Amino acid sequence: MWDRMWTNVNLATMADNAGHGGYGAISDGAIAVADGRIAWIGTMADLPGTPASLARQVQDAGGLWMTPGLIDCHNHLAFGGSRAREFEMRLEGATYEEISRAGGGILSTVKATREWSEERLLAAALSRARAQLAEGATTLEIKSGYGLDLDSELKQLRVAREVGRQLPITVTTTFLGAHSIPPEYKDRSDDYVDLVVNTMLPAVVRDGLADAVDAFCEGIAFSVAQTERVFAAAEKHGLPVKLHAEQLSDLGGAALAARHGALSADHLEYVSQASVEAMARAGTVAVMLPGAFYFLREKQLPPIQAFRDAGVAMAVATDANPGTSPTPSLLLMMSMACTLFRMTPVEALAGTTRVAAQALGMAAERGTLEVGKAADMALWRIDEPAELSYRFGADPLVTVISGGAVMDAASLARF
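All values reported here derive from a predicted model rather than from experimental measurement.

What counts and what doesn't
Residue positions are given per chain, counting from 1 as you read along its sequence in written order. Local features in a predicted model are, by the rule used here, given only for residues with pLDDT of at least 70; side-chain atom pairs are given and counted only at 80 or more, and totals for whole chains, interfaces and linings are based on all residues. Processing note: side-chain calculations cover all non-hydrogen atoms of the structure and skip hydrogens and water entirely. Just to be clear on terms, a salt bridge is a Lys or Arg side-chain nitrogen sitting within 4 Å of an Asp or Glu carboxyl oxygen. When a residue's accessible area, from a 1.4 Å probe over protein chains only, is under 20% of the maximum for its type it is buried; when over 50% it is exposed; and in between it is partly exposed. The helix count covers DSSP runs of H or I at least four residues long, the strand count covers runs of E at least two residues long, and both are numbered beginning at the N terminus. Take the number of residues in a helix, subtract one, and multiply by 1.5 Å to get its expected span. To define axes, lines are fitted to C-alpha atoms, for helices over the stretch in contact only, and angles between the resulting N-to-C directions are given on a 0 to 180 degree scale. An angle below 35 degrees is read as roughly parallel, one above 145 as roughly antiparallel, one from 65 to 115 as roughly perpendicular, and any other as oblique. With the far helix as reference, a near helix turned anticlockwise by less than a right angle produces a left-handed crossing, and one turned clockwise produces a right-handed crossing. We call two residues in contact whenever any of their non-hydrogen atoms come within 4.5 Å of each other.

Undergrad: Give me the lowdown on the pattern of salt bridges, citing residues and values where you can.
TA: For the coordinates displayed, the defined rule picks out 22 salt bridges. As a salt-bridge pair, E141 and K143 come within 2.8 Å of each other at their nearest N and O atoms. For E141, a relative accessible area of 0% gives the class buried. With a shortest N-O distance of 2.9 Å, R165 and E162 are connected by a salt bridge. Taken as a pair, R165 and E162 lie in helix 6 (residues 150-166) at a separation of three residues, close to a single helical turn. The exposed category is assigned to R165, whose relative accessible area is 58%. Members of the salt-bridge network, linked through shared partners, are E141, K143, D214 and K242.

Undergrad: Residues and numbers for helix 6, please.
TA: For helix 6, with 17 residues, the first-to-last C-alpha span of 24 Å sits near the 24 Å given by 1.5 Å per residue. Within the sequence span of helix 6, burial applies to S152, E153, L154, K155, Q156, L157, V159, A160, R161 and V163.

Undergrad: Run through the packing of helix 5 (residues 118-133) against helix 6, naming residues and quoting values.
TA: A pair of packed helices can be characterised by two numbers: the angle between their axes and the separation between those axes. For the pair helix 5 and helix 6, interaxial distance at closest approach is 9 Å and the crossing angle is 50 degrees. Considering their axes alone, helix 5 and helix 6 lie oblique with respect to each other. As for how helix 5 packs across helix 6, the hand of that crossing is right-handed. Packed against helix 5, whose contacting residues are E118, L121, L122, A125, L126 and A129, the element helix 6 presents K155, R158, V159, E162, V163 and Q166 at the interface.

It is worth stressing that arrangement in space is one thing and function is another; only the former is reported here.
Okay, structure coming up:
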């Protein structure tokens, strides 16, 4: 018998090339799980027997909607400190230079992350991840990049791994040592890249702490040539790559990512048409980060229509971090993707399920409701899937199912 079945449920399967408005909707449906995986899905009329004869536990969903569990494919949850005072200073008229002289900016987060114990970092990361779980997220990517020295980068990645062990949530980790130039390497960025590729990355691989490698290719961070060195080192160690690219200017980072078969290129407000076409040829996902766009009050929109026209898949993620997108809410990001970037609600939901899984190299296992995939699902009190993007500031989650483990509000509170 199957372990559990939901009946009388509307299903947004989000299967690729899904019909029914793109949601792959199944009305008056049923879905069953066994051994942590989806065992059956279809209409009630097609069930091969009575629900009670097929599953040990049967739950009547009462016409609620079920989607795949949400996936946050770009975040930085394991960091120390807060930048709330910096936010306040900026609104009071302080310039970036004045904030930096006062100890603000990314280096303030680096300082706090280095100083905080592993236990304190873990407690903070768990709190943020719990908030995502309570909104229906079942898979998270967590990046390093706020340590910028060997011990602190390893500490961040160990914390990220531990989040996945302590919570019923799948965590994939990304080494982002090439995030910024630390103060001790000021005006010596090439030397710092040497440290990243020759010392940090081998240690990360030795300890099994990363599933991918990322970098920030931008005028205030690393050049295309420096980023290519990081990518070459990642490929030598058999790790896939992704890239923060074209957030503030067009350096050709997205094209570089495409040449290396990157899983994703993220931000992309200033990406060129040539780079869009290169991403399409390579199958590189474009990850939209509307939280950072909103928080920084940017005006240059990513070229959504160009991605559509070229057939570049678009994911949506939180970019949760203390400096430019201090939010763990994927539901809010879905709404922002629609209102700020003019994505459609179906694109936003696909971007936090099927396409987000693709951006993490996990599409074979997660992101859609299909037989054989992980039983990662979310049950919502909504009348139609578009409500997940339409309602901002609301949380209609009823139940989250992660690897077959069922958690209602009371269960989530125990974590």
